[in-house]
Amino acid sequence: MDAEVQDIERACQWLATTEQLTVLTGAGVSAESGVPTFRGKDGLWRGFRATDLATPEAFARDPKQVWAFYNWRRQLLASLKPNPAHEALVRLEAKLPQFILVTQNIDDLHRRAGTRKLIELHGNIWMVRCTGCQTVSRNEDVWLPELPSCDDCGALLRPHVVWFGEQLQPAILKSAVVASRTCQTMLVIGTSAIVQPAASLAIEAKAQGARVIEVNLEPTVHSHHLDLVLQGKAGVLLPQLLEGW
Ligand code: BJW
Ligand code: ZN
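Quick summary incoming for the structure in this document.

Calculation notes
- Residues numbered from 1 in each chain as written.
- Chains lettered and ligands numbered in written order.
- Predicted model: local features only at pLDDT ≥ 70, side-chain atom pairs only at ≥ 80, totals over all residues.
- Heavy atoms only, no water.
- Near = heavy atom within 4 Å.
- Areas by Shrake-Rupley, 256 points an atom, 1.4 Å probe, with all protein chains shown as cover.
- Domains from an automatic or database assignment.
- Helix = DSSP H or I, 4+ residues; strand = E, 2+ residues; numbered from the N terminus.
- Buried < 20%, exposed > 50% of the residue type's maximum accessible area, 1.4 Å probe, protein only.
- Contact = heavy atoms within 4.5 Å.
- Core = buried A, V, L, I, M, F, W, Y, C linked by side-chain atoms within 4.5 Å.

Here the focus is the site of ligand 1. The immediate surroundings of ligand 1 are formed by 35 residues, with R39, Y70, R73, G165 and S192 found nearest. Protein coverage of the free-state accessible area of ligand 1, which is 1500 Å², stands at 77%. Two domains share the shell around ligand 1, each providing at least three of its residues, namely domain 1 (3-34 + 83-122 + 168-243) and domain 2 (40-79 + 142-161).

This is the structure:
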């Protein structure tokens with residue numbers, strides 16, 4: 001079912017009177033660029049669930065396999081582009097006095113589209129971290145060696161991303177919580193809202209009196225608690241939210 005015209009109009013009115021907007025995005029915002037989501041039928045790689053590979057246990061057991069998964073994603077992402085949803089969010093940032101985009105995605109597509117105020121909760125696929133000396137660096141090689149090593153100390157590198165059971169960087173999480181607690185409106189786009197602590201940011205915003213609008217192809221665990229649910233594709237709905245104000 002597609003979002004109703006009056007719901008789009010209501011969302012536009014809210015945005016037009018918003019001083020501070022916080023946006024929370026998940027894998028669905030990149031789906032129309034061709035990036036697979038995590039859950040549902042897309043979340044498979046060589047028969048493995050993506051979420052089973054995004055764990056420290058998987059990396060400890062078989063780092064070659066986990067690096068092959070991330071190398072495949074690097075190669076895929078290098079060939080993909082931001083879509084109309086990413087682009088609409090860039091225009092929204094330009095229109096509003098205060099704007100912060102909090103993403104769970106590691107795909108770099110918001111930055112490539114031109115979003116400036118960006119918080120990456122789960123890291124970035126183009127960053128690597130040494131498991132020995134912990135040095136973090138940017139590495140945009142499309143295909144890293146099957147077991148890449150640190151130039152400084154020779155230890156194994158890992159993707160600088162947050163896996164299940166790992167802590168988010170405290171300063172990054174704190175800035176996302178502040179952005180959620182201080183906004184008047186929050187847009188929650190393309191996330192199944194299952195993974196914590198990202199999912200609770202929408203609840204933080206709601207608890208502080210923000211109007212929370214969800215944009216998703218399907219209902220989520222959040223949908224019943226939120227102020228407005230726009231069902232449909234982010235790449236279609238988000239450009240509509242910019243029209244007429
Ligand atoms: C469209 C669309 C279109 C499609 N238009 N929409 C409290 C209770 C229970 C468990 C926990 C808890 N607190 C913490 C945990 C443990 C765990 C957790 O949340 N588990 C849940 C599964 C229950 N959380 C953690 O471990 C986090 N760490 C932490 O909290 O540390 C402290 C702690 C540790 C241990 C115990 C307790 C506390 C870390 C989470 C890290 C998540 N990492 C990943 C991988 C990142 C690296 C990588 O990408 O490789 O992050 S997993 C994966 O899920 C990835 C995503 O960012 C994340 C969220 O997924 P997302 O974005 O929602 O994607 P999907 O696929 O689920 O949904 C896509 C949506 O788009 C769908 O709804 C579609 O309908 C929609 N869609 N096309 C609009 N065109
Ligand atoms: Zn090192």
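So, next bit.
Turning our attention to unusual backbone geometry. A cis amide bond links Q196 with the next residue in sequence, P197, at an omega value of 0 degrees. With respect to the helices and strands, P197 occurs in the loop between β9 (185-189) and α9 (200-207). Here the phi dihedral of D108 falls at roughly 70 degrees; this positive angle occurs in a residue that is not glycine. Mapping D108 onto the fold places it in the loop between β4 (98-103) and α7 (109-113). What makes D108 buried here is its relative accessible area of 6%. For Q134, which is not glycine, the phi dihedral falls at a positive 70 degrees. With respect to the helices, strands and loops of the structure, Q134 is situated in the loop between β6 (123-130) and β7 (136-138). A relative accessible area of 45% means that Q134 is categorised as partly exposed.

Let's shift gears to the side chain of H160. Note that H160 resides in strand β8 (residues 157-161). Setting aside residues no more than four positions away along its own chain, H160 makes contact with H122, G123, N124, M127, V128, R129, V136 and Q169.

This part covers the nonpolar core. Counting residues in hydrophobic clusters, the biggest one holds 27 residues, and the most contacted among them are L92, L187, I189, L238 and L241. Of all elements in the fold, only α1 (5-16), β1 (20-25), α6 (84-95), β4, β9, β10 (211-216), β11 (228-231) and α10 (234-241) reach the threshold of two or more residues within this core. With five residues, the top contributor of residues to this core is α1. For L238, the residues in contact, after removing those within four places along its chain, are A85, A88, L89, L187, I189 and V215. Counting residues in each nonpolar core, the second largest holds 25 residues, with A50, L109, L157 and V161 among its members.

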